[in-house]
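# Coordinates in review
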Amino acid sequence: MIVRWAVCTAMVMVLAACADRGTGTAPATGTEPSLVEEPDWANLFEEHGVEGTFVLREIGDTTIRVHDPARARRAEIPASTFKILNSLIALETGVVADVDTAIDWDGVERSVAAWNRDHSLRTGIEVSAVWLYQEIAREVGSVRMAEMVDAADYGNADIGGPIDEFWLRGALRISPVEQIDFLARLVTGDLPFDLAHVDAVREILVRESGPGWVWAHKTGTALAAEPVLGWLVGFTEYEGREWVYAMNLDLGTIDLPEEIEPEVRQLVARSILERAGALPAGSG
């Protein structure tokens, strides 16, 4: 059972943010990002026989480098990439005390073996344990969830559908361009959440690092989409500079979670990030 904590201060902050936004549109940022197509990135998708899009922006730069601009603007089901925001909401509401607090497994055997144990946010986001985040969403509840998704200006901010499935097969939609807008605000701390919570979520997204570089990412697989859609979103740090990126690609037909293979996403993404100077060459 997840313990619910009282967090009046946090809710006041979020409600104030919602009031400031008024119409529900993104806050003005001065200069809107421009999309610049990178023709050379196409062959990296072709090499692996997949179709998709990739967007990349360096923090502090308004230019978004992109493969397939039309697809980059198309909103899709976020699937498990929503676990990034769900983790922030879990911490902000106090539903979870910190990223290492263990949540008891419900004992239901699922097809992904790594899910079938107790998990914290740290371990659960790494293996994308669906049951954990569904339990968190139920504890947060529809009212607080709607307020905080809206305050974060996440995609269309529509949580229509069951509270524990709206990001998997409900009404929530987000484009790759919107993903990197959200991620940029995560990296810079420009979100209506406690900075300690933002920093904690950033830290649990890191998957690889070396001298002078960090690669953070989160997968997502939208089984409800046709064809099945695979996401990889995240950020990098390299030689004192920071980038945010998002990609999605078509995965064809997948019937069971254990058939999901994220490797091709990581191969394509790493190649692009290295070519763009956002990761060191040969970092893998």
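Residues numbered from 1 in each chain as written. Predicted model: local features only at pLDDT ≥ 70, side-chain atom pairs only at ≥ 80, totals over all residues. Heavy atoms only, no water.

### What to know about unusual backbone geometry
Of the consecutive residues glutamate 226 and proline 227, the connecting peptide bond is found in the cis state with omega at -5°. The residue proline 227 is located in the loop between β5 (213-222) and β6 (228-238) in this model. In this structure, alanine 79 takes a positive phi of about 50° despite not being glycine. If you trace the backbone, alanine 79 turns up in the loop between α3 (69-72) and α4 (83-93). (Helix = DSSP H or I, 4+ residues; strand = E, 2+ residues; numbered from the N terminus.)

### Focus on the packing of aromatic side chains
How two aromatic rings sit relative to each other is given by the distance of their centres and the angle of their planes. Throughout the structure, instances matching the rule amount to 7 aromatic pairs. Here the aromatic rings of phenylalanine 82 and tyrosine 154 are separated by 5.6 Å at their centres, their planes lie at 70°, and the arrangement is edge-to-face. With phenylalanine 82 in the loop between α3 and α4 and tyrosine 154 in the loop between α7 (142-151) and α8 (166-169), this residue pair connects regions lying 72 residues apart in the sequence. Here phenylalanine 82 falls in the buried class, since its relative accessible area comes to 0%. By relative accessible area, which is 1% here, tyrosine 154 ends up buried. Ring plane angle 25° and centroid distance 5.5 Å describe the contact between phenylalanine 82 and tryptophan 167, whose orientation is recorded as stacked. Taken together, the residues span a long stretch of sequence, with phenylalanine 82 in the loop between α3 and α4 and tryptophan 167 in helix α8 at a distance of 85 residues. A relative accessible area of 0% means that tryptophan 167 is categorised as buried. Cation over ring: arginine 202 sits above phenylalanine 235, and NZ or CZ is 5.0 Å from the ring centre. (Phe/Tyr/Trp six-rings, centres within 6.5 Å; stacked < 30°, edge-to-face > 60°. Buried < 20%, exposed > 50% of the residue type's maximum accessible area, 1.4 Å probe, protein only. Lys NZ or Arg CZ within 6 Å of the ring centre and 35° of its normal.)

### Examining the pattern of salt bridges
Where charged atoms from two side chains of opposite charge come close, those side chains can pair. Applying the stated rule across the entire model yields 14 salt bridges. A salt bridge links arginine 138 to aspartate 164, with the nearest nitrogen and oxygen atoms 2.6 Å apart. On the criterion of sequence distance, the pair formed by arginine 138 in helix α6 (residues 130-140) and aspartate 164 in the loop between α7 and α8 is long-range, its members being 26 residues apart. With a relative accessible area of 40%, arginine 138 lands in the partly exposed category. Across the salt bridge formed by glutamate 208 and arginine 270, the nearest N and O atoms sit 2.6 Å from each other. (Salt bridge = Lys/Arg side-chain N within 4 Å of Asp/Glu carboxyl O.)

### Re the pairing of strand β2 (residues 52-58)
One face of the sheet, then the other: side chains in a regular strand alternate in exactly this way. Of all the 7 residues making up β2, 7 are buried; the element is thus mostly covered by neighbouring parts of the structure. On β2, burial covers both faces: Gly52, Phe54, Leu56 and Glu58 on one face and Thr53, Val55 and Arg57 on the other are all buried. Direction of pairing for β2 relative to strand β7 (residues 241-252): antiparallel, over a ladder of 7 bridges. Residue pairing in the sheet places threonine 53 in a bridge with asparagine 248 of β7. Inspection of the sheet shows β2 paired to strand β3 (residues 63-67) by 3 bridges, in the antiparallel sense. In the sheet register, phenylalanine 54 faces β3, and the bridge partner there is histidine 67. (Pairing = 2+ DSSP bridges.)

Spatial relationships are all this shows, so hold off on functional conclusions.
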